[in-house]
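Next come the chains, spelled out residue by residue.
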Amino acid sequence: MSPEHWTRPSRSEDRGHADETAPAATSAAPTREQVIAGLRATSEGGADLVQLLTPEGQRVSHPDFDIDISEQQLREMYRDMVLIRRADREGNSLQRQGQLGIWVPLLGQEAAQIGAGRALRPQDMAFPSYREHGVAWCRGIDPTELLGIFRGTDHGSWDPNRTGMGLYTIVIGNQCVNATGYAMGQKFEGMVGNSDRDPNANEATMTFFGDGATSQGDVHEGMVWASVYDAPVVFFCQNNQWAISEPTERQSRVPLYERARGYGFPGIRVDGNDVLASLAVSKWALDEARSGNGPVLIEAFTYRMDAHTTSDDATRYRMDDELQAWKLKDPIERLRVYLLREQIVDQGFIDEVQNEAEELATRFREFCLNMSEPPPERMFSAVYADESPVVAAQRDEYLDYLSGFADAGHDTEGSVR
Amino acid sequence: MAAPTVETTGSGTTQPQTITMAKGLNMAMRATMERDPKVLVMGEDVGKLGGVFRVTDGLQKDFGEHRVLDTPLSESGIIGAAIGLAMRGFRPVCEIQFDGFIFPGFDQIVSQLSKMHFRSQGKVKAPVVIRVPFGGGIGAVEHHSESPESLFAHIAGLKVMSCSNPVDAYWMLQQAIDSDDPVLFFEPKRRYWEKAELDPTAEHLSMGSSALLRRGSSATLATYGPMVKTCLDAANAATEDGNELEVVDLRSLSPLDLGPVAESVRRTGRLIVVSESPPESSVTSEVAARIQQECFYSLEAPVMRVNGFDTPYPPSKLEEGYLPDLDRVLDAVDRSLAY
Ligand SMILES: Cc1ncc(C[n+]2csc(CCOP(=O)(O)OP(=O)(O)O)c2C)c(N)n1
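I will try to describe carefully the structure that is included in this document.

Rules and cut-offs
Residues numbered from 1 in each chain as written. Chains lettered and ligands numbered in written order. Predicted model: local features only at pLDDT ≥ 70, side-chain atom pairs only at ≥ 80, totals over all residues. Heavy atoms only, no water. Helix = DSSP H or I, 4+ residues; strand = E, 2+ residues; numbered from the N terminus. Rg over C-alpha atoms; globule rule 2.2 N^0.38 Å. Buried < 20%, exposed > 50% of the residue type's maximum accessible area, 1.4 Å probe, protein only. Contact = heavy atoms within 4.5 Å. Lys, Arg positive; Asp, Glu negative; His and termini not counted. Charge placed at Lys NZ, Arg CZ, Asp CG, Glu CD. Pairing = 2+ DSSP bridges. Axes fitted to C-alpha atoms, helices over the stretch in contact; angles between N-to-C directions. Near = heavy atom within 4 Å. Polar contact = N/O pair within 3.5 Å; in protein donor to acceptor, adjacent residues only side chain to side chain. Salt bridge = Lys/Arg side-chain N within 4 Å of Asp/Glu carboxyl O.

Observations concerning the overall build of chain B
So, step 1. Regarding its fold elements, chain B presents twelve helices and 14 strands.
So, step 2. The C-alpha radius of gyration computed for chain B amounts to 20 Å, which stays within 12% of the reference 20 Å derived for 339 residues, consistent with globular compactness.
So, step 3. Dimensions of chain B, computed from the C-alpha atoms along their principal axes, are close to 60 × 45 × 45 Å.
So, step 4. Taking all 339 residues of chain B together, 60% fall into the buried category.
So, step 5. Restricting to contacts in chain B with at least 6 residues of sequence separation, those with at least 24 account for 80%.
So, step 6. In chain B, 32 positive and 45 negative side-chain charges are present, and the distance between their average locations comes to 5 Å.

Observations regarding the sheet that holds strand β3 (residues 68-70) of chain B
All names here are of chain B.
So, step 1. Reading across the sheet, the seven strands line up as β3-β2-β4-β5-β7-β6-β12 and stay open at both edges, with mixed pairing between neighbours. Edge positions in the sheet fall to β3 and β12 (252-254), since each has one partner strand and no second. Along the sheet, successive strands turn relative to each other by an average axial angle of 20 degrees, direction set aside.
So, step 2. Bridge count for strand β2 (residues 39-43) against strand β4 (residues 91-95) is five bridges, and the pairing is parallel. Opposite glycine 43, over in β4, you have glutamate 95 as the bridge partner.

Focus: the site of the ligand
So, step 1. Close contacts around the ligand come from 21 residues, with Tyr130, Arg131 and Gly212 of chain A together with Glu75 and Gln97 of chain B the closest.
So, step 2. Chain contributions to the surroundings of the ligand come from chains A and B.
So, step 3. Measuring from an oxygen atom of the ligand, one finds a backbone N or O atom of tryptophan 242 of chain A at 2.8 Å.
So, step 4. For the ligand, a nitrogen atom lies 3.4 Å from a polar atom in the side chain of glutamine 97 of chain B.

Some thoughts on the pattern of salt bridges
So, step 1. Taken as a whole, this structure holds 39 salt bridges over all chains when the rule is applied.
So, step 2. Linking arginine 79 of chain A and glutamate 356 of chain A is a salt bridge whose minimum nitrogen-to-oxygen distance equals 2.6 Å. Taken as a pair, arginine 79 of chain A in helix α3 (residues 71-96) and glutamate 356 of chain A in helix α14 (residues 347-369) lie far apart in primary sequence, 277 residues in all.
So, step 3. Since its relative accessible area comes to 29%, arginine 79 of chain A is described here as partly exposed.
So, step 4. For glutamate 187 of chain B, the salt bridge goes to arginine 131 of chain B, with nearest N and O atoms at 2.5 Å. Separated by 56 residues along the polypeptide, glutamate 187 of chain B in strand β7 (residues 183-188) and arginine 131 of chain B in strand β5 (residues 129-134) bring together distant segments of the chain. Per residue, the accessibility class of glutamate 187 of chain B equals that of arginine 131 of chain B, and both read buried.

Things to note about the pairing of strand β13 (residues 271-274) of chain B
Residues and elements named next belong to chain B.
So, step 1. Across the two faces of β13 the burial is the same, with Leu271 and Val273 and Ile272 and Val274 all buried.
So, step 2. As judged from the four bridges shared by strand β10 (residues 219-223) and β13, these two strands associate in the parallel manner. Counterpart to threonine 220 in the pairing with β13 is leucine 271.
So, step 3. Where β13 and strand β14 (residues 304-306) come together, three bridges link them in parallel fashion.

What follows is the structure, encoded as structure tokens:
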């Protein structure tokens, strides 16, 4: 691959139009207008956007990324998106009802996450941020397992080794360097570039972060390391246009996918509201990584349709028009229209999935309401692998202190007030 | 460092008014920005949103985007750039969104900010203020409730402050901004909405002094930040058992003004040091060690400490047990009195 085309996948090298469509930002300092256009081309995401399903639900082809996808897979991805959205909405209402301390909504980002998540193989590893409920779903983590973090009973209950998904990371960008290290380990253990006949012979890592995160040193350092070690890591940036109140142009003056060129690996912008494109591009990128070609950056161009979290007030910084425009590009709606129009599914299927979603929501809610409080000794457990005498002494003293309240007729569970 | 004069506080009034701590901090920034065009406010979401706690609310609207900067999402960038701006004569006031997010900027604070003056032997000053909402008690997820102040108190060249009430918030932050030294300014986030009367014409203490808040004869409580209110409440409750507790608000964690604590201990003979942070190698260790040394013959009991634990901050359902509360403070008082 020649350097001029590093912002594109290798198969597009022979495509004549590559340079015509490349934004001016790559060659000379862009004008303010070009910056805004490139960063926030809110209708299409720019000329380089990979799309396979239009907002109107029309299947379109792409010279580099077309995929064969069975009707069964299409139905499954529709189901994935509907179910995870429903769980997400239930998370929001549980927070409003005081059952959760906070909820981080995924609304609008279902296609980006399900596409990427379904491209991962069981032996791959995912390093998430904190909004990756759809990725978790694809890794076999039941949505109820997310609840502890937001209800405040744990910091994540799933086993990263068993599920192939790290715990949620709250400090922005931290996970990108960890993902690179993990991917280096996959490579050092000989798990890249092996015969394609055994699909389990190769592994890759995918890490998820936001557009705001790209300003952090850790994300930059992760990309530097990944490139110099050819680590099999895919950087999956969900550009949902906002970092709390700050728009993408507060973080960058070039479209984010173009930054990959500076690190020496391909960067691709995909329509993050198009589950087919997200799947296709992610598959391609993971295959690049698995085959030993090194890292890829994917910018999933999408939109955060809800507030940043349930503690945020998006009306202070965001125009309603913008939200309305993006609603027309709803990731679930466009797949539904396509599936119905092509008679891949009938209304019965749509209703069935909706019923299943309601059942999930009920189960999710009941689980939340029935969660037990962690016992006080949980505070001291597993601080170290080797038990610390200091922590053990503090635990014993604290439990002893609590039992004093029990003698005085107080409640030993939780509150000592 | 000149104490700010009352006439220039700008924010409308010299009349007494009831304010929250968040408002006091906001008024402090506004006042310094009005009298010194070199004062900048910078951080994530501090502009249009007014900060996630709304402490910078309205400042960008009134002072513009070049005085109140919504920065890229990078703490090393915020602090590193603030150092450069300070070298150019500006006085940046940086907001770190939550305690747990200061660490991407830790290197800049420790390697550059704290050493600039010493390394250049005074030729370069770094008047940077870093505001950090800190501590627990708000039911948040990981990294939003930590008390990392001891890490900074350990670094030579930094001043470390913590306010505990709206009036101090108003004065101490102005003094911090006026100081030519770098200041780490810890704000007890769970006290942001607590109110007090501010009389802008009343006298105020220097930010480097600790303050005796309550007199008593039984024992001394020394504390700071969010635990000041807890200790005052404990002192009120202690009267039911016939105990009169003195309460000292340390205010300045580095340098420590231990004079008022020592005087108090000489009166009461007993000291309990209280903070939310893990106890090992902390501000409370420092106070205990020095008072033990200075007041050995006045002490009737070993200095007690009430802290969080030497564990990572727990999930929020457990934080009530982690955070010292009135009962844990009184328990330590009882143990001290039992000697
Ligand atoms: C190091 C650090 N600084 C600040 C924060 C506070 N914070 C949480 S989310 C967020 C915005 C993140 O935006 P982006 O990376 O675009 O991801 P998004 O939430 O939009 O998915 C900020 C500033 C944090 N979590 N970590």
